[in-house]
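For reference, the chains in residue letters:
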Amino acid sequence: MGGVGEPDWEPAQRGAPLPTLRWEQVRRHNLPGDKWLVIERRVYDISRWAQRHPGGSRLIGHHGAEDATTQLIEDFRALRQAVEDMKLFEAKPAFFGLLLGHILAMEVLAWLMIYLLGPGWLPSTLAALILAVSQAQSWCLQHDLGHTSIFRNSRWNHLAQQFVMGQLKGFSAHWWNFRHFQHHAKPNIFHKDPDVTVAPVFLLGESSIEYGKKKRRYLPYNHQHLYFFLIGPPLLTLVNFEVENLAYMLVCMQWTDLLWAASFYARFLLSYVPFYGIPGALLLFVAVRVLESHWFVWITQMNHIPREIGHEKHRDWASSQLAATCNVEPSLFIDWFSGHLNFQIEHHLFPTMPRHNYRRVAPLVKALCAKHGLSYEVKPFLTALVDIVRSLKKSGNVWLEAYLHQ
């Protein structure tokens, strides 16, 4: 490999012969404040530059002491060029305008239902369901904006994401991007993807046997597929996300996001306290969060939890994305209900592509995977949901076997 470069990506001494480094030398430089990176067989010192990385120092740090070359095969590069020529990275404003419109319409409908019918059990239950659907669809829309797949100008995407995430949901856009960008950089990799770094509450993939061998038993992991229903889907957004989101805004001093989030709570309370009082309005809020949390867990994890989860395998980028994702059979309802996250393979390979174009690119991706013997798995919707529980049960049994016998 080539020599070490400065943080501005230039060789240390212009014209000087570059030393040859071995991987064991490079591997030593994966510490806080000491990060090297390999690109096109050249070694770069990114220790200081990492602080200026657009995605944050932690994101680029996940590639420390690795070969971060865009190792896409020529066929994939050709496919991407074809996708660009087909204009599949261009968004349809009307599509996303309708998405925002139907989210706002559901918010108004829920309030009108209580206003016209009163705060009885039936209208309140229906209003909670409608608000939960609105919240779920807001997750999807802010996800599109976070990937800059709607507006051509990145700034407009970020501003719109702050509105959707803050005013419509009460969360921080910066907090979400901090988590989600790591997920896309290293999907299903422990300590690099926050979505699967969930031990010691749940054990996934390779962590099962590791905990078993070390005789760690913080919870009855062989029953995690059962207690998952108690503390997984019901509580993720209500407890984990709320606490983590608030802590992030305060620690990172994201005051603008904090004001946006406060505007959501002010609007919600002003809308429903007159009907329910403060305790009743808070109860409605909890009901909405629990309902949307079920949606979030099942929809976002049906494509990832059943796939390979473990430590860094140092695969090329395309192979690592395919190993961690699968698709769910499309339909007009599933596409809408999941926010097109049923096309998880296409989304991970083309994260900035507007979701309404996933159907068009899917046959091309499938053909490419078939040509190179890469996995392209598509499941029925219900099978994908059941596979989450099956995966948890399998990992729990692996832990128990290692705990008892290794």
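Keep in mind that what you see is a predicted model, and the values were worked out from it rather than measured.

Each helix and strand counted, the chain has 16 helices and 6 strands in total. The buried share of the chain, reckoned over its 406 residues, is 49%. Counting contacts in the chain only where the partners sit at least 6 residues apart, residues at least 24 apart contribute 68% of the total. Summed over all atoms, the accessible surface of the chain reaches about 19800 Å², with 64% contributed by carbon and sulfur.

This part is about the packing of aromatic side chains. Using the criterion set out here, one finds 36 aromatic pairs in the structure. Residues phenylalanine 264 and phenylalanine 285 carry aromatic rings whose centres are separated by 6.4 Å and whose planes lie at 55° to one another, so their mutual orientation is tilted. Taken as a pair, phenylalanine 264 and phenylalanine 285 share a single burial class, namely buried. For the cation-ring pair, lysine 215 lies above tyrosine 403, with the distance from its terminal atom to the ring centre recorded as 5.6 Å. One Lys or Arg, arginine 216, reaches over the ring of tyrosine 211 and ends 5.1 Å from the middle of that ring.

Mapped onto the elements, glutamate 346 comes out in helix 14 (residues 344–349). Salt bridges are absent for the buried glutamate 346, whose nearest opposite-charge side chain, lysine 366, sits at 9.3 Å. Side chain to side chain, glutamate 346 and asparagine 327 meet in a polar contact 2.8 Å long. Ignoring any residue separated from it by four or fewer positions in sequence, one finds glutamate 346 in contact with Asn327, Tyr358, Val361, Ala362, Val365 and Tyr376.

What follows deals with the nonpolar core. Grouped burial of nonpolar side chains is what soluble globular proteins tend to show. Ranked by internal contacts, the top residues of the largest apolar core, which has 38 residues, are Trp139, Trp175 and Met302. Contributions of two or more residues to this core are made by helix 5 (121–146), helix 7 (173–185), helix 9 (224–231), helix 10 (236–251), helix 11 (255–301) and helix 16 (381–405). The greatest single-element share of this core, amounting to 7 residues, is contributed by helix 16. Setting aside residues no more than four positions away along its own chain, methionine 302 makes contact with Cys326, Val328, Ser338, Asn342, Phe381, Ala384, Leu385 and Ile388.

Our focus in this paragraph is the environment of glycine 166. With respect to the helices and strands, the residue glycine 166 is situated in helix 6 (residues 154–167). Considering only alpha carbons, one finds glycine 166 and aspartate 257, 91 residues apart in sequence, at a separation of 6.4 Å. Not counting the four nearest positions on each side in its chain, glycine 166 is found in contact with Gln161, Phe171, Trp260, Ala261 and Phe264.

The subject of this paragraph is the packing of helix 5 against helix 11. Relative orientation of the contacting elements helix 5 and helix 11 amounts to 60°, with a least axis distance of 8 Å. Of the possible angle classes, the one that applies to helix 5 and helix 11 is oblique. Between helix 5 and helix 11 lies a crossing of right-handed hand. On the side of helix 5, the interface is formed by Ser124, Ala128, Leu129, Leu131, Ala132, Gln135, Ala136, Trp139 and Cys140, while helix 11 contributes Phe264, Phe268, Tyr272, Tyr276, Leu284, Ala287, Val288, Arg289, Leu291, Glu292, Trp295 and Phe296. Of the residues assigned to the contact of helix 5 with helix 11, the class counts are 17 nonpolar, 2 polar and 2 charged.

So, how was this worked out
- Every chain begins its residue count from 1, and numbering advances along the sequence as written.
- Given that this is a predicted model, residues contribute local features only at a pLDDT of at least 70 and side-chain atom pairs are listed and counted only at 80 or more, while totals for whole chains, interfaces and linings are drawn from all residues.
- Hydrogens and water are ignored here; the side-chain numbers use all heavy atoms of the structure.
- Strands here are runs of E lasting at least two residues and helices are runs of H or I lasting at least four, both read from the DSSP assignment and numbered beginning at the N terminus.
- Note on classification: 1.4 Å probe, protein chains only; a residue is buried when its accessible area is under 20% of the maximum for its type, exposed when over 50%, partly exposed between these limits.
- Contact definition: two residues touch when any of their heavy atoms are within 4.5 Å.
- Surface exposure here means Shrake-Rupley accessible area, sampled with a 1.4 Å probe, where a residue is shielded only by the protein chains that are shown.
- Under the pairing criterion, centres of Phe, Tyr and Trp rings, with the six-membered ring standing for Trp, must be within 6.5 Å; the plane angle then separates stacked pairs below 30 degrees from edge-to-face pairs above 60, leaving the rest tilted.
- When the NZ atom of lysine or the CZ atom of arginine is within 6 Å of a ring's centre and also within 35 degrees of its normal, the charge is said to sit over that ring.
- Positive: Lys, Arg. Negative: Asp, Glu. His and the chain ends are not part of the count.
- In what follows, salt bridge is the name for a side-chain nitrogen of Lys or Arg lying within 4 Å of a carboxyl oxygen of Asp or Glu.
- Residues adjacent in sequence count toward polar contacts only when both atoms are side-chain atoms; beyond that, a polar contact is any pair of N or O atoms within 3.5 Å, and within protein one must be able to donate a hydrogen and the other to accept it.
- Here, the term nonpolar core denotes a set of buried Ala, Val, Leu, Ile, Met, Phe, Trp, Tyr and Cys residues that are joined through side-chain atoms within 4.5 Å.
- Angles run from 0 to 180 degrees between N-to-C directions of axes, and those axes are lines fitted to C-alpha atoms, restricted for helices to the stretch in contact.
- For classification, angles of less than 35 degrees are called roughly parallel, those exceeding 145 degrees roughly antiparallel, those between 65 and 115 degrees roughly perpendicular, and all remaining angles oblique.
- Here a crossing is taken to be left-handed if its near helix is turned anticlockwise relative to the far helix by less than a right angle, and right-handed if that turn runs clockwise.
- Following the grouping adopted for this structure description, the nonpolar residues are Ala, Val, Leu, Ile, Met, Phe, Trp, Tyr, Cys and Pro, the charged ones are Asp, Glu, Lys and Arg, and the polar ones are all others, Gly among them.

All we've got here are geometric facts, nothing functional implied.
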